[in-house]
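Residue-level listing of the chains:
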Amino acid sequence: QLAMSLNSSTLLNEENSQGPKRNTECLGSLELQTPSSFQDNPLQQLQLASQEVLEKAKKSGRSKCPRCSSSRMFYCYTCFVPVETVPTKEIPTVKLPLKIDIIKHPNETDGKSTAVHAKLLAPDDVTIYKYPCIPEYKEKKHEIALIFPGPNSVSVKDIAFHLQKYTKKGVCNNDDDSSTEPFLKQARIEPKEEKNPNECISSNRSESTRLKKIIFIDSTWNQTNKIITDERLQGLLQIELKTRKTCFWRHQKGKPDTYLSTIEAIYYFFVDYHQEILKENYKGQYDNLLFFFSFMYTLIKNAKCAGKE
């Protein structure tokens, strides 16, 4: 049981007890459960773009979403766009080496999820689905992996070796809609990503086992079982991350601090992937994935400190 507790660092849940419903409200709350790692700032070494735009937005208060006109702070968590006081051009863009599918549980509160951070900061590489509207992955399981702990989960460094066990069916696949479109099209969050019709499947072994997409589940621990047992996710390679400690301010009381928020899990996966698979020195290429997260972390940390004075 202890081992499972440690391995569950890959569970991409936003565990909440009685946290506030909106990100702006959470910024002002001093009563949220906080992990022990709040004693110092593990995010201070990040190489981040200037957060001056967020400082200005904080001072001016809530603003309108340019799409739905809802009042939000920093960004709209339903439309996945910055609010009017946060110009898109001042938000950093992160280019990821893999595509990401985030499967969001329908009962996961939008304002409590950090999954939107990934969409805001890596818009070309991230797609968010609301369960049960998810794609069929069976025909592409040779190039897709799921971040989730389990008895057969492997480490990031072993991805290539284990993907070799999956064989491809066919030489060139132009990817018609049947293999990538969700069952319930109206529930899709964003337009379908464009496909390159000239991209054929290589017979080269190293190419045939190359990971192209990674799946994350955005839900609480209690909600996860329904998604992970879905037949469309069966047979996928499962990956577990190295044990990391969360900085998430909504960490549920009584749960290990190795439970990561969604954006933390995405960030740590790519750091490991960059070093273990791409075999390159990590120089902060994905740090801006925590652009919003680190800013909110600092606000809440300072608020807590001020409350104790």
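Just so we're clear, the structure is a prediction, and the values are computed from it rather than from any experiment.

A. Layout of the confidence of the model for the protein chain. When pLDDT is averaged along the protein chain, the result is 75, and 65% of the positions lie at 70 or above. Considering only residues more than four positions removed or in separate chains, one finds that residues 191–209, a stretch of pLDDT under 50, has 35 contacts.

B. Local environment of the pattern of salt bridges. Under the criterion given, the structure shown has nine salt bridges. Residue Glu 143 pairs with Lys 212 through a salt bridge whose shortest N-O separation is 3.7 Å. Of this pair, Glu 143 sits in the loop between β6 (126–130) and β7 (144–147) while Lys 212 sits in the loop between α7 (205–208) and β8 (213–218), placing them 69 residues apart in sequence. Taken together, the salt bridges that share partners define one network made up of Lys 95, Lys 99 and Asp 125.

C. Quick peek at the sheet that holds β6. Here we have five strands laid out as an open sheet, ordered β6-β5-β8-β7-β9, and parallel in their pairing. Each edge of the sheet is formed by a strand with only one pairing partner; in this case those strands are β6 and β9 (237–239). Strand after strand, the sheet turns through a mean of 25° between neighbouring axes, direction not considered. Of the pairings in the sheet, the one linking strand β5 (residues 99–104) to β8 comprises six bridges and is parallel in character. Counterpart to Lys 104 in the pairing with β8 is Asp 218. This element, helix α8 (residues 221–228), spans β5, β7, β8 and β9 of the sheet and lies at about 135° to β8.

D. Spotlight on the state of the cysteines. Overall, the coordinates contain zero disulfides when judged by the stated rule. Here Cys 68 stays free of any disulfide, with the sulfur of Cys 65 as its closest cysteine sulfur at 3.7 Å. The thiol of Cys 76 is unpaired, and the distance to the nearest cysteine sulfur, on Cys 65, comes to 3.7 Å. Exposure remark for Cys 76: the relative accessible area of 0% places this residue in the buried category.

E. Looking closely at the side chain of Arg 232. With respect to the helices and strands, the residue Arg 232 is situated in the loop between α8 and β9. Here Arg 232 falls in the buried class, since its relative accessible area comes to 7%. From its side chain, Arg 232 meets the backbone oxygen of Pro 132 in a polar contact 3.0 Å long.

F. Broad picture of the environment of Arg 210. One can find Arg 210 in the loop between α7 and β8. Residue classification places Arg 210 among the partly exposed residues on the basis of a relative accessible area of 36%. Sequence separation between Arg 210 and Leu 163 is 47 residues; the distance between their C-alpha atoms is 7.6 Å. Apart from residues no more than four positions distant in its own chain, Arg 210 is found in contact with His 142, Glu 143 and Leu 163.

G. Structural context of empty space enclosed by the protein. By the definition in use, this model includes three cavities of 30 Å³ or more. Around the second largest cavity sit Tyr 77, Phe 80, Lys 104, Asp 110, Ser 113, Ala 115, Val 116 and Ile 128, which together line it. Looking at the lining of the second largest cavity residue by residue, the classes come out as five nonpolar, one polar and two charged.

H. Looking closely at helix α3 (residues 52–60). By the burial criterion, the buried members of α3 are Val 53, Leu 54 and Ala 57. When α3 is viewed along its axis, its buried side chains cluster within an angular range of 95° and face the same direction. Exposed residues on α3 whose side chains face more than 90 degrees from its buried face are Lys 56 and Lys 59. Among the residues trailing α3, Gly 61 stands out with phi positive, at a value near 85°.

I. Representation of unusual backbone geometry within the structure. Cis geometry marks the peptide bond from Tyr 131 to Pro 132, where omega comes out at 15°. One can find Pro 132 in the loop between β6 and β7. For Lys 279, which is not a glycine, the phi torsion comes out positive at approximately 55°. Considering the arrangement of structural elements, one finds Lys 279 in the loop between α9 (262–276) and α10 (291–308). A relative accessible area of 63% places Lys 279 in the exposed class.

Criteria and thresholds
Residues numbered from 1 in each chain as written. Predicted model: local features only at pLDDT ≥ 70, side-chain atom pairs only at ≥ 80, totals over all residues. Heavy atoms only, no water. pLDDT = per-residue confidence, 0-100. Contact = heavy atoms within 4.5 Å. Salt bridge = Lys/Arg side-chain N within 4 Å of Asp/Glu carboxyl O. Helix = DSSP H or I, 4+ residues; strand = E, 2+ residues; numbered from the N terminus. Pairing = 2+ DSSP bridges. Axes fitted to C-alpha atoms, helices over the stretch in contact; angles between N-to-C directions. Disulfide = S-S within 2.5 Å. Buried < 20%, exposed > 50% of the residue type's maximum accessible area, 1.4 Å probe, protein only. Polar contact = N/O pair within 3.5 Å; in protein donor to acceptor, adjacent residues only side chain to side chain. 1 Å grid on protein atoms, 1.4 Å probe; cavity = no way out; pocket = protein on both sides within 12 Å on 5 of 7 lines; lining within 4 Å. Points joined across faces, edges and corners; volume = space filled by probe spheres on them. Nonpolar A, V, L, I, M, F, W, Y, C, P; charged D, E, K, R; others polar. Arc of directions from axis to C-beta.

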